Amino acid sequence: MTRADTPWRATILTLYPEMFPGPLGLSLSGDALARGDWTLEARNIREHGLGRHRSVDDTPAGGGAGMVLRCDVLAAAIDAAAVGAATGADDPRPRLLMSPRGRPLTQARVRDLAAGPGALIVCGRFEGVDERVIAGRGLEEVSIGDYVLSGGEIAALVVLDACVRLLPGVMGKMESGVEESFEGGLLEYPHYTRPRDWEGRAIPDVLSSGNHAAIARWRRAEAERITAERRPDLRDGSVAGQAGSRSITGPSRS
Ligand code: SAM
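Below, the structure is looked at part by part. Since this is a predicted model, take the numbers as computed values, not measurements. (Residues numbered from 1 in each chain as written. Predicted model: local features only at pLDDT ≥ 70, side-chain atom pairs only at ≥ 80, totals over all residues. Heavy atoms only, no water.)

**Things to note about the site of the ligand**
Rule in force here: We define proximity as follows: a residue is near a molecule or strand when any one of its heavy atoms falls within 4 Å of that partner. Residues adjacent in sequence count toward polar contacts only when both atoms are side-chain atoms; beyond that, a polar contact is any pair of N or O atoms within 3.5 Å, and within protein one must be able to donate a hydrogen and the other to accept it. The distinction between a cavity and a pocket rests on a 1 Å grid over the protein atoms alone: a 1.4 Å probe fits inside a cavity but cannot get out, while a pocket stays open yet meets protein on both sides within 12 Å along at least five of seven lines, and a residue with an atom within 4 Å of a point counts as lining. Occupancy of a cavity or pocket is assigned to a molecule whenever over half of its atoms lie within 2 Å of that pocket's grid points. Numbering of helices and strands starts at the N terminus; helices are DSSP runs of H or I of at least 4 residues and strands are runs of E of at least 2.
Of all residues adjacent to the ligand, which total 19 residues, the nearest are Met98, Gly124, Glu127, Tyr147 and Leu149. A distance of 2.9 Å is found between a nitrogen atom of the ligand and a backbone nitrogen or oxygen belonging to Glu127. Leu149 is positioned such that a nitrogen or oxygen atom in its backbone is 2.9 Å from a nitrogen atom of the ligand. Judged by the fraction of its atoms near the pocket grid, the ligand is located in the largest pocket. Elements that contribute at least two residues to the shell around the ligand include exactly β5 (95-104) and β7 (140-143). Among the elements that line the shell around the ligand, the one with the most residues is β5, at 3 residues.

In structure tokens:
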């Protein structure tokens, strides 16, 4: 199945459009971009900056260090980037704001996003964004982990990579998506390949037995053991399941 007629559509709002597609121009995601399974547009927030210097930020109300992205500038960038902005039609895509304060990204949310029409993703910088634009433009704050990055671009690349590999036809076999970590609340079982013996470590006998039922039981037991050891939270359900725009296409396939 291909989505050539309705590609999954990603729009990124950033101060650094050159950071896209970055690593997503290679391998599975790059091939899918070249095929037109998804599209990527990285738009420069600064196009909507104010004054001669196209200023996008200002000092924090109440004082303190750093700068804050202005709500009026960001709102103008979001409004101009919406699909159908020219005709006034509603953009059906979710609007994400990359934020360490956001709900942690999960495979379940990634599956939802991949099943939809695409995403508009706002990348913060500096101290973050003026709070009012979050409610004003219905932004969903999404975190990629409990640490602080210097900007939202790498976080946006993470979201895109996780979504694009799930689009129909992007992975070689759909099974490789179904049996992975986090599907069914488990981390994945261990993998092995040749050589059979390596530095005194052998592949578990069951994997060479040809007994598919026994192999499936062993893999399930290993997945449960590893999950119990490393991520018991998964089983108990506590983890919810320059200037200018750039239209980016994949690398040419020679
Ligand atoms: N002052 C903010 C705070 O303490 O929460 C951190 C701002 S951070 C230096 C700048 C931008 O990087 C954020 O606005 C966000 O877009 C992005 N960012 C940083 N860490 C992130 C994370 N863990 N997940 C998603 N985005 C992140």
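So much for the structure itself; the text now carries on.
**Overview of the side chain of Thr14**
Filter applied, for reference: Partly exposed residues are those whose accessible area sits between 20% and 50% of the maximum for their type, while under 20% is buried and over 50% is exposed, using a 1.4 Å probe and protein chains only. Contact between two residues is taken to exist if any of their heavy atoms lie within 4.5 Å; hydrogens are not considered.
By secondary structure assignment, the location of Thr14 is in strand β1 (residues 8-14). Taking the relative accessible area as the measure of exposure, Thr14 reaches 0% and is therefore buried. Residues within four places of Thr14 in sequence aside, it is in contact with Phe20, Arg43, Asn44, Ile45, Cys123 and Glu153.

**A word on helix α2 (residues 71-81)**
For α2, the complete set of buried residues consists of Cys71, Val73, Leu74, Ala75, Ala77, Ile78 and Ala81. Elements that come into contact with the buried residues of α2 comprise β1, β2 (38-44), β4 (68-69), β5, β6 (118-123) and α4 (132-136).

**Focus: the packing of helix α3 (residues 107-115) against helix α5 (residues 153-164)**
Rule in force here: Only C-alpha atoms enter the line fits that serve as axes; for helices the fit covers just the stretch in contact. Angles between N-to-C directions range over 0 to 180 degrees. Oblique is the label for any angle not covered by the other classes, which are roughly parallel (under 35 degrees), roughly antiparallel (over 145) and roughly perpendicular (65 to 115). The residue classification treats Ala, Val, Leu, Ile, Met, Phe, Trp, Tyr, Cys and Pro as nonpolar and Asp, Glu, Lys and Arg as charged. All others, Gly included, are polar.
Relative to each other, α3 and α5 sit at 70 degrees, their axes nearing to 8 Å. As far as their axial angle goes, α5 and α3 are roughly perpendicular. Facing Val110, Leu113 and Ala114 of α3, the residues of α5 in contact are Val159, Ala162 and Cys163. For the contact of α3 with α5, the per-class residue count stands at 6 nonpolar, no polar and no charged.

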